[in-house]
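# Understanding the architecture of this molecule
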Amino acid sequence: MKKLLSKLKLSRIRAKLFAIIMCVLVLFLFMINIFSTPILFRVFAFRTYNQLVDTGHRISLCSPNSLTYYFDLQSISSSSNVSFEILDSSGLLTYTSVSGTSASSSEHFASSTSYKSRYSQMTASDDYKDFDSYYNFEVKKQIGTSTDYFIYRHELDTGETAYIYSKVADVATTADVSGDIFAFISIVFIVIISLIIYIVVSRFTKPLVEMNRITKRMAALDFGQKCGDYGKDEIGELGNSINTLSTTLDATLVDLKDKNEQLEKDIERRHALDNARKSFISNVSHELKTPIAIISGYAEGLCEGISNDPEVIKEYCQIIQDETKKMNSLVVELLELSKLESQAQSFEPEQFDIGNKISSLLYHLSLQFEQNGIRVINHIPSPLFCYAQEDKIEIVLKNYLTNAVSHCSKEKQIVISCKEFRKTFEFSVFNTGEHIAKNDFPELWDSFYRADKAHGRTENRFGLGLSIVKSIMTNHRCNYGVANVENGVVFTFEVAKDSSYYDKKH
């Protein structure tokens, strides 16, 4: 019973919509039947007027002195499917296109005054008075036959007047036939449109089916589908209400999911920070353990008077002093890394000559190069101006160069070069030597990581240099990297050419 009532309700909506549209179509057909023939008659009458005007111009172009004059006139009459006659200034007929069978027949022109023009035997037609508004155009009825003609009067250069005729009945017949054809086509279209309307009306119930399906999915907590735009009636309002409810519930669930995900991320971040803190403390403790043990051992030996030899005592003090310097270097690097990672210092880049800076740095490290038998090749021109934090870029260069010295072998050569890009310079520090192992690349920029652990402590290296480089480059929003190349390793970093590089980055 409920299904039957539901179908009846839907059928009333369908019947009402179908009836309205069919009424419009029937009214449309009725209006076509009423107005098509008169409108088409006026359209064809106007076309006939233009045809008669064109025929008049063609007659004007015919020369009476031409040997083919009458042949030309007959040709115009045949091709235009009109008849005409020519009268002289006194009203006598001089030529008619309706007489004779040949162009040279004498029946085409009057040989006496007994010939009368057709125009003189016509009277004005009362049925088509509104056509008198056309220039030199009128509708007349032939006396005796009661046949209506469209007549166009055209003045010739010879002083004669041409009267060009076309039957009104021909135009009316054409209009009637066109109207019938138009009506037939309209009926065919109405049949087709009726089928389309039936399909559309049948689909009118589709929104109800969709809303039923969507609400069932909502009950299963699936809010991915929404009702379409069903208009502003009750069905449309119901669809909008369902969409609003779906959106609200979906947003609530999404918000809960986001908060859960954020909570999980916070927990993971906290675990990561705890692990990083533990790892940092472990690394610092490991790095400080050795120098503290050495200092403690030698200080204890001095306190116990292990030797009275001044040279031995001096050597112990020197060892203690060296280990203290190493500890101080470690603390300084840790403080520098902490400042960079926390961004405690303001970022204030400036323009400076990096070519001169590299030359100065190579000069200060020249003794270290000589002691290790390293040949340095500098391809950086001076002056070469860039825009960055000068003291921080100096740290990057120094760390790259000291790292290159530590790992330089084979030909013992270090090459410093530069590539220019649109907004940056890319500097590279190449050293000959062994390649970096692939499994070392992911951790190379981490704190306290040393790929070559055997020589780290002897060279006063703690694995913080590249992590400091990473922090400096990150603060500058510039690229940096390392790669194995032929015969060695190359470290790179970029520096901005001018201040425009930082306009949208800081």
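Residues numbered from 1 in each chain as written. Predicted model: local features only at pLDDT ≥ 70, side-chain atom pairs only at ≥ 80, totals over all residues. Heavy atoms only, no water.

### Here's the deal with the nonpolar core
Keep this limit in mind: Put simply, buried Ala, Val, Leu, Ile, Met, Phe, Trp, Tyr and Cys residues joined by side-chain atoms within 4.5 Å make one nonpolar core. Here the term buried applies to any residue with accessible area under 20% of the maximum for its type, exposed to any over 50%, and partly exposed to those in between, with areas from a 1.4 Å probe on protein chains only. Strands here are runs of E lasting at least two residues and helices are runs of H or I lasting at least four, both read from the DSSP assignment and numbered beginning at the N terminus. Contact definition: two residues touch when any of their heavy atoms are within 4.5 Å.
Grouped together as the largest cluster of nonpolar side chains are 42 residues, with contacts concentrated most on Ile-354, Ile-393, Tyr-400, Ile-414, Phe-427, Phe-491 and Phe-493. Sorting the residues of this core by element identifies helix 7 (354-364), strand 9 (385-388), helix 9 (390-407), strand 10 (413-420), strand 11 (424-432), helix 10 (465-476) and strand 13 (488-496) as the ones contributing at least two each. Here the element with the most residues in this core is helix 9; it accounts for 7 residues. Discounting residues that sit within four places of it in the chain, Phe-493 has contacts with Ile-393, Val-396, Leu-397, Tyr-400, Phe-425, Glu-426, Phe-427, Met-473, Asn-479 and Tyr-480. In terms of nonpolar packing, the next biggest core, distinct from the first, is built from 26 residues, Tyr-49, Ile-86, Val-139 and Ala-162 among them.

### Looking at the packing of helix 7 against helix 9
Basically, it comes down to this: Axes here refer to lines fitted to C-alpha atoms; in helices the fit is confined to the stretch in contact. Angles between the N-to-C directions go from 0 to 180 degrees. Orientation categories follow fixed angle ranges, with anything under 35 degrees roughly parallel, anything over 145 roughly antiparallel, 65 to 115 roughly perpendicular, and all other angles oblique. In this scheme, a crossing is called left-handed if the near helix is turned counterclockwise away from the far one by less than a right angle; it is called right-handed if the turn is clockwise.
Close contact between helix 7 and helix 9 brings their axes to 11 Å; oriented N to C, the two are set at 45°. Considering the angle they form, helix 7 stands oblique to helix 9. Every pair of crossing elements has a handedness; the one defined by helix 7 and helix 9 is right-handed. Contacts between helix 7 and helix 9 involve Ile-354, Lys-357, Ile-358, Leu-361 and Leu-362 on the former and, on the latter, Glu-390, Ile-393, Glu-394, Leu-397, Lys-398 and Leu-401.

### Regarding the side chain of Thr-161
To keep it simple, the criterion reads: Pairs of N or O atoms within 3.5 Å make up the polar contacts considered here, provided that, within protein, one atom can donate a hydrogen while the other can accept it, and that residues adjacent in sequence are counted only when both atoms are side-chain atoms.
Within the secondary structure layout, Thr-161 lies in strand 6 (residues 161-167). Here Glu-155 takes part through its side chain, which lies 2.9 Å from a polar atom of the side chain of Thr-161.

### Topic: the sheet that holds strand 1 (residues 83-87)
Within a sheet, neighbouring strands are paired by backbone hydrogen bonds and run either parallel or antiparallel to one another. The test is simple: By this definition, two strands are paired if DSSP reports at least two bridges between them.
Across the sheet, 6 strands lie side by side as 2-1-6-5-4-3; this open sheet has antiparallel pairing. Of all the strands in the sheet, the pair left with one neighbour each is strand 2 (93-96) and strand 3 (122-124). Between one strand and the next, the sheet's axes are offset by a mean angle of 35°, whatever the strand orientation. Here strand 1 pairs with strand 6 via 5 bridges, running antiparallel. Its bridge partner being in strand 6, Leu-87 is matched across the sheet by Thr-161.

### Details of the confidence of the model for the protein chain
Using the following cut-off: A residue's pLDDT is simply how confident the predictor is in it, with values from 0 to 100.
Considering every residue of the protein chain, the mean pLDDT works out to 76; 77% of them sit at 70 or more. Segment residues 454-459: pLDDT under 50, and 9 contacts once partners within four positions in sequence are set aside and those in other chains are kept.

### A few points about the pairing of strand 4 (residues 137-142)
Buried residues dominate strand 4, accounting for 5 of its 6 residues. Taken together, the 3 bridges between strand 3 and strand 4 define a ladder with antiparallel strand orientation. Bridge assignment links Met-122 to a residue of strand 4, and that residue is Gln-142. As paired strands, strand 4 and strand 5 (residues 148-155) are joined by 5 bridges and run antiparallel to one another.

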